[in-house]
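Inside the fold
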Amino acid sequence: MHVYYCHQATPSEQANAGFGVEFDWDVPLLSGYPFTFLKNVADPPGPGRFRGFDTPEIGDIIRRLQYDAVMVNGWNYKSAWQAIRACWKSGVKVAVRSDSHLQTPRGLFARITKAAVYPRFIPRFDACLAVGKWSREYFLRYGAKPARTFLVPHAVDNDFFRSEAERFKPVRSNLRKQWGLEDDALVFAFSGKFIEKKRPTDFVRAIHLAAQRSSRIQGLMVGDGPLRGGCEEFARNHNVAVSFVGFLNQSQIASAYTACDALVLPSDGGETWGLAVNEAMACGRPAIVSDKVGCGPDLIVKEKTGSIFPVGNVEALASQIVQIADDPTRPAEMGAHASRMIENYSPIVAVDNLVQCLKTILN
């Protein structure tokens, strides 16, 4: 196995991607496997544009090394098509993984274009790797063969987050005090970029409404981005019990999940999955998500691992927050269910399913 990267993001690119602060990830991402960073000849290079990743050498690499199969992540950037076309020309099996789903808002022109173009190339893939139920539906909608569509779920390092939650558990009270949260409060957390698709303002408004019905409800907002100022202003003007802790890197993010009782992800359909939900569940926390969040059909079992509300309906979100907070034992019970559920969405499961895919397409 060999992994090829078409770009290495700089700290400033991370900030421009919506994180709001410059940083490098503080956990090892390149250890334990062979990899190569390809030469990105794009001008300018970087994410967000089809031509931002342009690595023509990948074609020669695939032809020269005669791989049995190549897995490509998505197809909305030039490097992906350079790899896919090289596989087709060289007779190399190509598996394409995607988390796109049909709930993402698209204009009429985009829908017509996809309906005309996607069925011309998706059926040609030797395997379509879906991250969940909605992404499987997406592949099938555009002509993927059911027998060649495999679930390779979105996953985080569950063991890492579980052990980190145990590490922070003894200092949960101190964490709450540090962030201005009451020891006996029912704390609901938002974790992510403060950008439009994440709808962070919905979270602040919902906490405001919910706290009017139960004074024990408080909010914790983790992250940064262009909408943070507006959220802080609303909280300040309406005296909302929400603490803003800023960006937390991977070595510290579990502290926020440990301090809270449940996660809220109010994103719109641009949230093709929502890995914060995986992280929270691995830490033993349930989640409330909107009905447009990609992981909802897979990870949320009503009244077991969390709940689902209509996107943009702040009143419904507030009601679900209050419903969970009404029974102080409920978050822990739901968190236990969530912890068991997330075992089905682990790196081990993803690898096992990928191996089964390879056995199928290489026979």
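Here, every reference points to the structure presented above.
Right, let's walk through the structure included here.

Criteria and cut-off values
- Residues numbered from 1 in each chain as written.
- Predicted model: local features only at pLDDT ≥ 70, side-chain atom pairs only at ≥ 80, totals over all residues.
- Heavy atoms only, no water.
- Phe/Tyr/Trp six-rings, centres within 6.5 Å; stacked < 30°, edge-to-face > 60°.
- Lys NZ or Arg CZ within 6 Å of the ring centre and 35° of its normal.
- Buried < 20%, exposed > 50% of the residue type's maximum accessible area, 1.4 Å probe, protein only.
- Helix = DSSP H or I, 4+ residues; strand = E, 2+ residues; numbered from the N terminus.
- Pairing = 2+ DSSP bridges.
- Right-handed = clockwise from strand over helix to strand, strands pointing away.

Focus: the packing of aromatic side chains
Here the structure, examined in full by the defined rule, presents 28 aromatic pairs. Taken together, Trp75, Trp81, Trp88, Tyr118, Phe121, Phe125, Tyr138, Phe139 and Tyr142 form an aromatic cluster joined through their ring pairs. The ring centre of Trp88 lies 3.7 Å from the NZ or CZ of Arg124, which sits over that ring. The side chain of Lys193 reaches across the aromatic face of Phe19, ending 4.6 Å from its centre.

Considerations on the pairing of strand S9 (residues 242-246)
Among the five residues that make up S9, five are buried, leaving the element largely enclosed by the rest of the structure. Every second residue of S9 is oriented toward a common face, with Val242, Phe244 and Gly246 on one face and Ser243 and Val245 on the other, all of them buried. Alignment of strand S8 (residues 217-222) against S9, held across four bridges, turns out to be parallel. Directly across from Val222, in S9, lies its bridge partner Gly246. Handedness of the crossover joining S8 and S9 through helix H9 (residues 228-237) is recorded here as right-handed.

Overview of the pairing of strand S10 (residues 262-265)
Both faces of S10 are covered, namely the face carrying Ala262 and Val264 and the face carrying Leu263 and Leu265. As judged from the two bridges shared by strand S7 (residues 186-191) and S10, these two strands associate in the parallel manner. Bridge pairing in S10 links Ala189 to Leu263. Examined bridge by bridge, S10 and strand S11 (residues 287-290) share three bridges and lie parallel to one another. Bridge pairing links Leu265 to Val289 in S11. Each parallel crossover has a hand, and the one from S10 via helix H11 (residues 275-282) to S11 is right-handed.

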